[in-house]
Amino acid sequence: MKKPLLIIEDNAQNLYMMQFLLEKSGFTILSTMDGTKGVETALSCIPLAILFDIQLPGMDGYAVAAALKRHHELAEVPIIAVTSYAMVGDRERILAAGATGYIEKPINPETFVSEICKYFPPGWDAEGKL
Amino acid sequence: MHFSVLHLPFKHFFLNTFLCLFFCTGTASAIAQPLIVRVGLYENPPKIFTEDGQPAGIFVDLLNDISRREGWKLQYISGSWAQNLDRLERGEIDLIPDMAYSAKRAQIYTFPKVPALSSWFQVYAPRGHHIHSILDLNHKRIMVLERSIQDTAFERLRKGFELQCELVRVDDYKSMFSRVQRGEADVAVTNRFYGMMNGRKYGLEDTAVVFEPSDLYYAAAKNDPKHLLPTIDRYLSEMKAEPNSLYYQSVLHWTSQKVAFRWPLWLKIGGGVGAGILLFSLLGGAILKYQVNLRTRELRQINQEMEERIRERTAELATITREQVSIFESAGVGIIMLRDRVIVRCNQKTMEMTGYKYDELIGMSTRMWYGSQKAYEKACDQVYGQLARGETHRRSQQVTRKDGTVFWARLSLRAFDENKPKDGAVAILEDISEERRAAETLRRAMEKAQEADRTKSSFLATMSHELRTPLNSIIGFTGILVQGLAGPLNEEQSKQLQMVQKSSRHLLSLINDVLDISKIEAGQLELSHESFDLNPTLTHVLSLVTPLAEEKGLTLEFQVKPQLGSICADKRRFEQILINLLNNAIKFTEQGSVILACQAKENEICLSIRDTGIGMEKKELKEVFQPFHQVESGLARKHEGSGLGLAICQRLAAQMGGVITVASTLGQGSTFTLTLPRETTIDQSQEVHA
């Protein structure tokens, strides 16, 4: 079975845009709009990667990153924050909280997918295969 | 000792004049060449002696009279009797008055024919003696004048009567009498003249022992070389013949004056003392009265001056007092005089402030300034300790008025004399209600402003997210469409969607600028600090703006050496500054070129962006870094922009410890230069104000 890519994003339009671009590139997408549910989903399916927003209802991005990092099952899963750069220090803070990477909004449709792929182990494709 | 012609007593004047007329004939020649006559002078009063430093006595009177009439110049040479005898023998003097004749002396000296006086020797003894005949002198201690006739005569007498007595020889009569008086000898042998004159003075009286009558002469040196004796003989003869002559007067004078009745000593002393006291007291009284009058006048004058000065000083003091009272009463603060923590005086303002009347305040304790008795007592040590050090005690507190209302007051307390602070202190009471209200208002305004600032920051953070989220959506989907990911587009659709995309990106940059400047001005912009290579960074920046330059047909030159080294700064903000400056340069240049040059120094780098654009006027250069500034020329208006770009760049550069300068010529182009230290100091506290 093809491993899904989990997106935790509360903004429907942003979610749709990311999902559209990633699906176009052959990724299977699982999505949730709530931080707490996102962590549960991640544990239940062990996704290919996790994209998450910082501003989230229920559990914000920092808490999500910290929660995901506590589970060694997810140790090898890239956790990538996707958020607007509001304040200097956001990037450092989210990386410190446990995120593997950081992508700034607004996303550039032309480079978005390739930026995600940078966080995959070398040789992976959209299906998570070598 | 030499004496010149001596004066005669005044009372002899008339007689002398008479004698002068009488003998005038024989004297005329002598006056022309005065004959100097040296006369031996010794002490044998009243015949010859020294009185008040002048020769005196019977022999002197007579000789003076003779010499005056003869025109002699007398020189008295004093010495003892024995010395005089020697001098006369050697011819050093011409005459010795009062010498008794003896055969032996006649061989050495020359005697005149006429004796001057006749005398005898007599024994004198202290009063109450029991000497009635010469036999009574047996076993007595007897004083005689050395080498005198009486000495030899008494010796002869003593031998004749076989007396066992001790002879004491002395130099002069005076010491002889005083020594007998002191009891050093029993009796003194003297001549009758000396005894008559001086016996009583020494408490001695004459005895019945009288012997050796003798004639006394003016003896001259051997053979009388100056022929004085005949002249003396002549005068003496004449004077002796005349009962009222100077001869008798002199004898009477010198023998009676000294033996005249004498007041008893105690009476004399008493009388003298009494008279002295009387005289002294009269004199003293007069002097005292004079001095009192003088002093009284002085005092009166001083008194007048003092009164005048007191009047002036009183007037001055009255003026000063009036001035001080005016200041005191018109002061805008309460002034209170205290003694031992009790009000003794206060001004009008104190009454107005406290609502108490003057009489109510006077005598009131400062207890009213304290909330409790305990606080009042506690303050005593602290406050008065400060006053005793000469300091001013200051505090702010609430004071209760008479009607019970309360106001805030500032109290300043100081002692008049720091050594005795309780004896007197002044308290200044200021109503600071208004001040405190103003401070309170200010504090609230500050709080409000801070609250507003927090709200603003919060608003900005929210806006940052809320504005960008939909914009992200617009830009993203437009991009998807333009790329044809959602399906193929015709040419017109593609063109219009690209316009949407461009406008969206511009809107995003405007929003970012507003957020940046807001954060900078609120001091909330934080910078990161990382080391990065300059060359690849500059290449990257240039690649970002190259499409714009190419679009306008401008040459973009890159005059940068290959090894610029690294810089430690906020990389993204560094890029932001350069992109902004390059975009501006391209934006305001219609033709020509934009050149990026870099000068790398050891501690700093200088990046300059030179364009061949529209340039600026001088006055505009000052304002170019102000927020919301836009070039106002007609040409410029067609350029879009928030007017914040340069303001942000300048502030970012400053926050990194650098600066942006500009040089420009209108119509020819501008050069913006960014200077940054290689090791940027991050001054987070720095606030850049517009």
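What counts and what doesn't
- Residues numbered from 1 in each chain as written.
- Chains lettered and ligands numbered in written order.
- Predicted model: local features only at pLDDT ≥ 70, side-chain atom pairs only at ≥ 80, totals over all residues.
- Heavy atoms only, no water.
- Pairing = 2+ DSSP bridges.
- Helix = DSSP H or I, 4+ residues; strand = E, 2+ residues; numbered from the N terminus.
- Axes fitted to C-alpha atoms, helices over the stretch in contact; angles between N-to-C directions.
- Contact = heavy atoms within 4.5 Å.
- Patch = residues over 30% accessible without salt bridge, like charges linked within 9 Å, V, L, I, M, F, W, Y side chains within 5 Å.
- Areas by Shrake-Rupley, 256 points an atom, 1.4 Å probe, with all protein chains shown as cover.
- Salt bridge = Lys/Arg side-chain N within 4 Å of Asp/Glu carboxyl O.
- Lys, Arg positive; Asp, Glu negative; His and termini not counted.
- Charge placed at Lys NZ, Arg CZ, Asp CG, Glu CD.
- Buried < 20%, exposed > 50% of the residue type's maximum accessible area, 1.4 Å probe, protein only.
- Arc of directions from axis to C-beta.
- Phe/Tyr/Trp six-rings, centres within 6.5 Å; stacked < 30°, edge-to-face > 60°.
- Lys NZ or Arg CZ within 6 Å of the ring centre and 35° of its normal.
- Buried area = accessible area lost by both parts, 1.4 Å probe.
- Polar contact = N/O pair within 3.5 Å; in protein donor to acceptor, adjacent residues only side chain to side chain.

Chemist: Just to check I follow, could you spell out the sheet that holds strand β2 (residues 28–32) of chain A for this structure?
Modeler: Hydrogen bonding along the main chain pairs the strands of a sheet, whether they run parallel or antiparallel. Residues and elements named next belong to chain A. If you walk across this open sheet you meet the five strands as β2-β1-β3-β4-β5, and the pairing is parallel. Lying at the two open borders of the sheet, with one neighbouring strand each, are β2 and β5 (101–105). Neighbour-to-neighbour, the strand axes of the sheet open up by a mean angle of 20 degrees, direction not taken into account. Taken together, the five bridges between strand β1 (residues 4–8) and β2 define a ladder with parallel strand orientation. Within β2, the position partnered with L6 by the bridge is L30. Where helix α2 (residues 35–45) meets the sheet, it contacts β1, β2 and β3 (49–52), and its direction lies at approximately 165 degrees from that of β1.

Chemist: Help me understand a negative patch on the surface in this model?
Modeler: Residue and element names in this part refer to chain B. Where like charges cluster on the molecular surface, the negative patch consists of D340, D417, E418 and D423. Mapped onto the secondary structure, D423 falls in the loop between β14 (406–415) and β15 (425–431). Assessed through its relative accessible area of 49%, D423 is described here as partly exposed.

Chemist: Even after reading the chapter, I still don't get helix α4 (residues 81–90) of chain B, so can you show me in this structure?
Modeler: At 3.6 residues per turn, the α-helix brings residues three or four places apart onto the same side. Residue and element names in this part refer to chain B. Turning to α4, its buried residues are W81, N84, L85, R87 and L88. Each buried residue of α4 lies within a common arc of 165 degrees when the element is viewed along its axis, so the set occupies one face. For α4, the exposed residues set more than 90 degrees away from the buried face come down to E89 and R90. Contacts made by the buried residues of α4 are with β1 (35–41), β4 (72–78), β5 (95–100), α5 (103–108) and β10 (204–220). Backbone geometry just downstream of α4 places G91 in the positive-phi region, at approximately 80 degrees.

Chemist: I would appreciate a short explanation of the packing of aromatic side chains in the present structure.
Modeler: Any pair of aromatic rings gets described here by the distance separating the centres and the angle formed by the planes. Counted under the stated rule, the structure contains 18 aromatic pairs over all chains. Cluster of aromatic residues (ring-pair linked, three or more members): Y124(B), Y173(B), F177(B), Y194(B) and Y202(B). For R93(A), the ring lying beneath its charged end belongs to Y62(A), and the centroid distance is 4.4 Å. Lying over the aromatic face of Y376(B), R341(B) brings its terminal NZ or CZ to 4.0 Å of the ring centre.

Chemist: Any chance you could explain the pattern of salt bridges here in plain terms?
Modeler: All names here are of chain B. Tallied over the entire structure, the rule returns 30 salt bridges over all chains. When the shortest N-O distance is used, the salt bridge between D151 and R169 registers 2.9 Å. Residue D151 is found in helix α6 (residues 149–161), and its partner R169 is found in strand β8 (residues 166–170); the two are separated by 18 residues along the sequence. Classification of D151 as buried rests on a relative accessible area of 7%. Residue R169 is classed as partly exposed on the basis of its relative accessible area of 41%. R443 is paired through a salt bridge with E447; the nearest N and O atoms lie 2.6 Å apart. Remark: E447 and R443 occur in helix α15 (residues 433–483); sequence separation between them is four residues, near one turn of the helix.

Chemist: Mind showing me how you'd approach the interface of chain A and chain B here?
Modeler: Accessible area lost upon the coming together of the parts is a frequently used measure of interface size. At the junction of the two partners, chain A supplies 20 residues and chain B supplies 20 residues. Across the interface of chain A and chain B, roughly 2100 Å² is buried in total on both sides, 58% from carbon and sulfur atoms. Between chain A and chain B we count one salt bridge in total. Among the ionic pairs, E104(A) bridges to R572(B), the shortest N-O distance being 2.8 Å. Put simply, chain A and chain B have three residue pairs in polar contact (both at pLDDT 80 or more) between them.

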